[in-house]
Amino acid sequence: MEKAVVLKIESSYSLLNLNTLGIDAEAEFFAQASSVDEVRDCLAFAVANQLLVKVLGGGSNIVMASHVKGLVLNYSNTALQVVNETTADVTVKVGAGYNWHEFVLFCLSRGWFGLENLSYIPGTVGAAPVQNIGAYGVEVKDFISAVHGIRLSDGEPFMMVGESCGFAYRESCFKQELDGKVLITEVEFSLSKKPCVQVGYAPLDKMAKEKGLPTPIELSNWVVQVRKSKLPDPVDMPNAGSFFKNPVVSTEQFQELIKRFPGMPNYPQNSGVKLPAGWLIDNLGMKGQSFGLVQIHALQALVLINNGGSSEDVLAAASMIKNSVQKAYEVQLEQEPRMFF
Ligand SMILES: Cc1cc2nc3c(=O)[nH]c(=O)nc-3n(C[C@H](O)[C@H](O)[C@H](O)COP(=O)(O)OP(=O)(O)OC[C@H]3O[C@@H](n4cnc5c(N)ncnc54)[C@H](O)[C@@H]3O)c2cc1C
């Protein structure tokens, strides 16, 4: 009997609804794979047709070219499995296609704690390790015990423990030496069964002072509330979240800057002083400024809204903002969303 053909590889596939910047892009080829076998079928197709494979999650942290060459591959598996459980904690293995916020809510519903501050971050579980997602004083690296995946070169599986993933602020080996070389299929998280809410970040601290210490579920709701009040919904205003990373400058450079800008918020680090990129832009009076079809959000200087522009339009706006910041502070801003070309 012939094997049923379940995998569909489509050509000239519109990616307009698969990137939150709303860029009207098209993939040369596109496939959605729900199992490792299907991924291997896609890799075989790519080899046979001499195509590069490009892995796409929810499209919330990328700037897409209008024509993406090669095979764009989306891994949709959402299987969830408890791999270890004690009275104190649990290790859960999750398919890369699981929606991140839904996974956070699922954990809360089971009494597995730690991810509350990362509630409502768009995207998939599989992309979470790529830039070590973080928000409100918490980074996902502190909960990732292992990353499982497949090498795109030969379809072989790999497993890396969290400590060897090169995690740093919005960084990991998946953005560096493994960039474009692997597809993450599952992520393992170690979560506590004991609530330990983190409300150190300013808006949460304020709410905790007003209302008392929240339960983990309440904290998740607060985070959602704060995020909704501060960040535009990509459905209404296409965007990719924070467009620039917060730069870290040397202590010497910071001493010079603070003389010129006494109100500049700053966060001392081991390696220097971290400055909020949003403040640097806002302080130049650029909030709400338009660059053709791309605009700096009127309330959040770190977010670029794309009103129908292409990747070139978005990058041109980003470049003008970077130049202004460089000129005013001699600080080089680094783009956070990845290029998807
Ligand atoms: C409104 C808004 C708010 C945001 N807020 C935050 C925030 O608070 N903190 C934060 O850290 N980020 C934030 N982001 C950025 C984004 O949500 C995260 O980076 C998220 O993890 C991206 O997930 P994704 O599935 O959409 O990845 P995509 O955008 O599809 O991909 C991002 C990168 O990861 C790679 N990738 C995706 N899936 C896989 C996989 N399975 N295997 C290998 N590589 C893969 C892609 O090739 C690409 O290079 C925000 C974005 C938006 C639009």
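Above: the structure in question.
Scope of this entry: the structure provided in the associated data block. (Residues numbered from 1 in each chain as written. Predicted model: local features only at pLDDT ≥ 70, side-chain atom pairs only at ≥ 80, totals over all residues.)

### Section: the overall build of the protein
- Counting its regular elements, the protein contains seven helices and 19 strands.
- Here the protein has a C-alpha radius of gyration of 21 Å; the compact-globule value for 341 residues is 20 Å, and the two agree.
- Projected onto the principal axes, the alpha-carbon positions of the protein cover approximately 75 × 55 × 35 Å.
- Counting the 341 residues in the protein, one finds 40% classified as buried.
- Of all intrachain contacts in the protein linking residues separated by at least 6 positions in sequence, the fraction that spans at least 24 positions is 62%. (Helix = DSSP H or I, 4+ residues; strand = E, 2+ residues; numbered from the N terminus. Rg over C-alpha atoms; globule rule 2.2 N^0.38 Å. Buried ≥ 20, exposed ≤ 12 C-beta atoms within 10 Å, placed from the backbone. Contact = placed C-beta atoms within 7 Å.)

### A word on the sheet that holds strand β18 (residues 304–306)
- Taken in spatial order, the three strands of this open sheet run β16-β17-β18, and their pairing is antiparallel. Looking along the sheet, the strands with just one partner apiece sit at the ends: β16 (290–291) and β18.
- Here β16 pairs with strand β17 (residues 294–296) via two bridges, running antiparallel. Across the sheet, S290 pairs through a bridge with Q295, a residue of β17.
- Packed on one face of the sheet, helix α7 (residues 311–329) meets β16, β17 and β18 and runs near 155° to β18. (Pairing = 2+ DSSP bridges. Axes fitted to C-alpha atoms, helices over the stretch in contact; angles between N-to-C directions.)

### Some thoughts on the site of the ligand
- Around the ligand, the surrounding shell holds 33 residues, and the nearest of these are G57, G58, G123, G126 and G241.
- Looking at the shell around the ligand, the elements with two or more residues in it are β8 (134–135) and β12 (182–192).
- Among the elements that make up the shell around the ligand, the one with the highest residue count is β12 (three residues).
- The residue inventory of the shell around the ligand, partitioned by class, reads 19 nonpolar, 13 polar and one charged.
- In this structure, the shell around the ligand is formed jointly by two domains, domain 1 (9–75) and domain 2 (80–192), each of which donates at least three residues. (Near = placed C-beta within 6 Å. Nonpolar A, V, L, I, M, F, W, Y, C, P; charged D, E, K, R; others polar. Domains from an automatic or database assignment.)

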